[in-house]
Amino acid sequence: MNAPREPKQRIQRRPIHGVLLLDKPIGLSSNDALQKAKWLLRAEKAGHTGTLDPLATGLLPLCFGAATKFAQVSLDSDKRYTATLQLGQTTITGDAEGEVVETREVSVTPEQVLSACAAHSGPIEQLPPMHSALKHEGKALYEYARQGIEIERQPRAVTIHSITVLDWQGSLLVLDVHCSKGTYIRTLAEDIGRMLGCGAHLAALRRTASGPLSVEQAITLEQLTALTEPQREAQLQPPDRLLAEWPEVRLEADDAGRFLSGLRRRLKGAADTPNVRVYGPEARALLGSGSIRANELIPGRLLSPLEVASLLPAESAKESQRETV
């Protein structure tokens, strides 16, 4: 007779608020990385700011609690990648995961490489690859591709702000790519290889920046696991790190309370601004986001009073809660 199994210990989730800059490892999906970090922090609510392919490494900002309200800001921001191109080989998927379908001799000059990079800079159009997570009738394109089905796709407008050659050893070309959201780096690799006449696929990819966030401040899952729980929580950046590039508006206590309730506030002499981050009178008292139009501050994504209080130093939080009561 088998011995009875001991019941699994239930994790006590808790409300925590902030942004974790994770350096995602290769081979792990963005959601798997998110769930691992959420478990380590015992967080109630969490989300990521856009997927990073399992074969890619690098910066994956993870949002917890109040920070999830601003995840779209990071999703819409420009990105920066270190992309390694394998010249002379094209694959069925456009990256190192797919079968090699053609091999050519690599005989290109530095001038040709620079010319190809320049030709693919600025506003361009890209055809989304079949081996991508883009949905068609509720199903990812890669699912159709695995069945040998080709789906008609429409080109997408993206912007490549810059492409810089970092290294070039034999048939491996390493590029720094600064681009808008929605850019397919493996499509860029294939297009550059096609222009060079030798073909290419994306051999490796590392995201180094997302908006104002950099992988240099990121932590790995291994490092996070080795920390104590208080040390893990100390790794969280405040939610307004996602809004760091937006202008700041600070309100006095009365106006702050009304703004938190969703009311517009008058701002004398304020220029129209599509996105602002809004604070109360206390240091670090983020209230939410908004916009300014015709001298009015219009609420956008707002924090709850409890979320505002949780982001303040202990004494300020107690005083804020008394005022709320």
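Remember, predicted model here, so these are calculated numbers, not experimental data.

Rules used throughout
- Along each chain, the written sequence defines residue order, and numbers are assigned to residues from 1.
- For a predicted model such as this one, the threshold for reporting local features is a pLDDT of at least 70, and the threshold for listing and counting side-chain atom pairs is 80 or more; totals across whole chains, interfaces and linings nevertheless cover every residue.
- Derived side-chain values reflect all non-hydrogen atoms in the structure, with water molecules and hydrogen atoms excluded from consideration.
- Here a helix means four or more residues in a row that DSSP labels H or I, a strand means two or more in a row labelled E, and each is numbered from the N terminus.
- Exposure classes here rest on a 1.4 Å probe applied to the protein chains alone. A residue is buried below 20% of its type maximum, exposed above 50%, and partly exposed in between.
- We call two residues in contact when some of their heavy atoms are within 4.5 Å.
- A 1.4 Å probe and the Shrake-Rupley method give the accessible areas. Residues count as covered only by the protein chains that appear here.
- We treat two strands as partners when DSSP finds at least two bridges between them.
- On a scale of 0 to 100, pLDDT captures the predictor's confidence in every residue.
- The salt bridge criterion pairs a side-chain nitrogen of Lys or Arg with a carboxyl oxygen of Asp or Glu, the two atoms within 4 Å.
- Polar contacts, as used here, are pairs of N or O atoms within 3.5 Å; protein pairs need one atom able to donate a hydrogen and one able to accept it. Residues neighboring in sequence count only if both atoms are side-chain atoms.
- Take the buried residues of types Ala, Val, Leu, Ile, Met, Phe, Trp, Tyr and Cys, join any two whose side-chain atoms come within 4.5 Å, and each joined set is a nonpolar core.
- Each direction from the helix axis to a C-beta atom contributes to the arc, which is the arc of those directions.

1. Remarks on the overall build of the protein
Regarding its fold elements, the protein presents 10 helices and 18 strands. Taking all 325 residues of the protein together, 45% fall into the buried category. Across the protein, every contact between residues at least 6 apart in sequence was considered, and the portion connecting residues at least 24 apart equals 68%. Of the roughly 17400 Å² of accessible surface on the protein, 49% is carried by carbon and sulfur atoms.

2. A short note on the sheet that holds strand S14 (residues 248-250)
Across the sheet, which stays open at both edges, the five strands sit in the order S14-S16-S17-S18-S15 with mixed pairing between neighbours. Looking at the sheet topology across the chains shown, the edges are occupied by S14 and strand S15 (265-266). Judged from the five bridges that link them, strand S16 (residues 273-279) and strand S17 (residues 286-293) form a sheet pairing that is antiparallel. Among the inter-strand pairings, Thr 273 is bridged to a residue of S17, identified as Ile 292.

3. Description of the confidence of the model for the protein
The pLDDT averaged across the protein works out to 89; a share of 88% of its residues lies at or above 70. Confidence drops under a pLDDT of 50 for residues 315-325, and excluding neighbours within four residues, the segment shows seven contacts in the predicted structure.

4. Thoughts on the pattern of salt bridges
Evaluated as defined, the whole model comprises 15 salt bridges. Between Glu 233 and Arg 14 there is a salt bridge, and its shortest N-O distance comes to 2.9 Å. Placement of the pair is Glu 233 in helix H7 (residues 229-234) and Arg 14 in the segment before strand S1 (18-24), with a sequence separation of 219 residues. For Arg 104, the salt bridge identified is with Glu 102, shortest N-O distance 3.0 Å. Here the salt bridges do not stand alone but share partners, grouping Arg 14, Arg 42, Glu 229 and Glu 233 into one network.

5. Some points on the environment of Arg 250
Within the secondary structure, Arg 250 is located in strand S14. In the structure, Arg 250 is positioned 36 residues away from Leu 286 in sequence and 9.1 Å away in space, judged by C-alpha atoms. Ignoring any residue separated from it by four or fewer positions in sequence, one finds Arg 250 in contact with Tyr 279, Gly 280, Pro 281 and Glu 282. At 3.3 Å, the side chain of Arg 250 forms a polar contact with the side chain of Glu 248. Reaching out from Arg 250, the side chain makes a polar contact with the backbone oxygen of Glu 282 at a distance of 3.1 Å.

6. Side note on the nonpolar core
Residues Phe 64 and Leu 85 are the most contacted members of the largest nonpolar core, which totals 43 residues. In this structure Leu 85 touches Ser 171, Leu 172, Leu 173, Leu 175, Ala 189, Ile 192, His 201, Leu 202 and Ala 203, once residues within four positions along its chain are discounted. With 29 residues, the next largest nonpolar core counts Cys 63, Ala 67, Val 215 and Leu 286 among its residues.

7. Details of unusual backbone geometry
One non-glycine residue, Arg 42, adopts positive backbone phi at about 55 degrees. Tracing the backbone through its elements, the reader meets Arg 42 in the loop between helix H1 (30-41) and strand S2 (46-48). Its identity is not glycine, yet Ala 294 carries a phi of approximately 55 degrees, on the positive side. Structurally, the position occupied by Ala 294 is in the loop between S17 and strand S18 (296-302).

8. Observations concerning helix H3 (residues 110-119)
All of the buried residues in H3 are Val 113, Ala 116 and Cys 117. One side of H3 holds all its buried residues, which, seen down the axis, span an arc of 100 degrees. Looking at H3, the residues exposed on the side facing more than 90 degrees away from the buried face are Glu 111, Leu 114 and Ala 118. Residues of H3 that are buried sit in contact with strand S10 (156-169), strand S11 (172-179) and helix H5 (185-196).

9. Re the environment of Cys 63
Among the structural elements, Cys 63 can be located in strand S3 (residues 56-64). Taking the C-alpha atoms as reference, Cys 63 lies 6.1 Å from Gly 18; in sequence the two are 45 residues apart. Not counting residues up to four positions away in its chain, the partners in contact with Cys 63 are Gly 18, Lys 45, Ala 46, Gly 47, Thr 49, Thr 68, Ala 71 and Leu 242.

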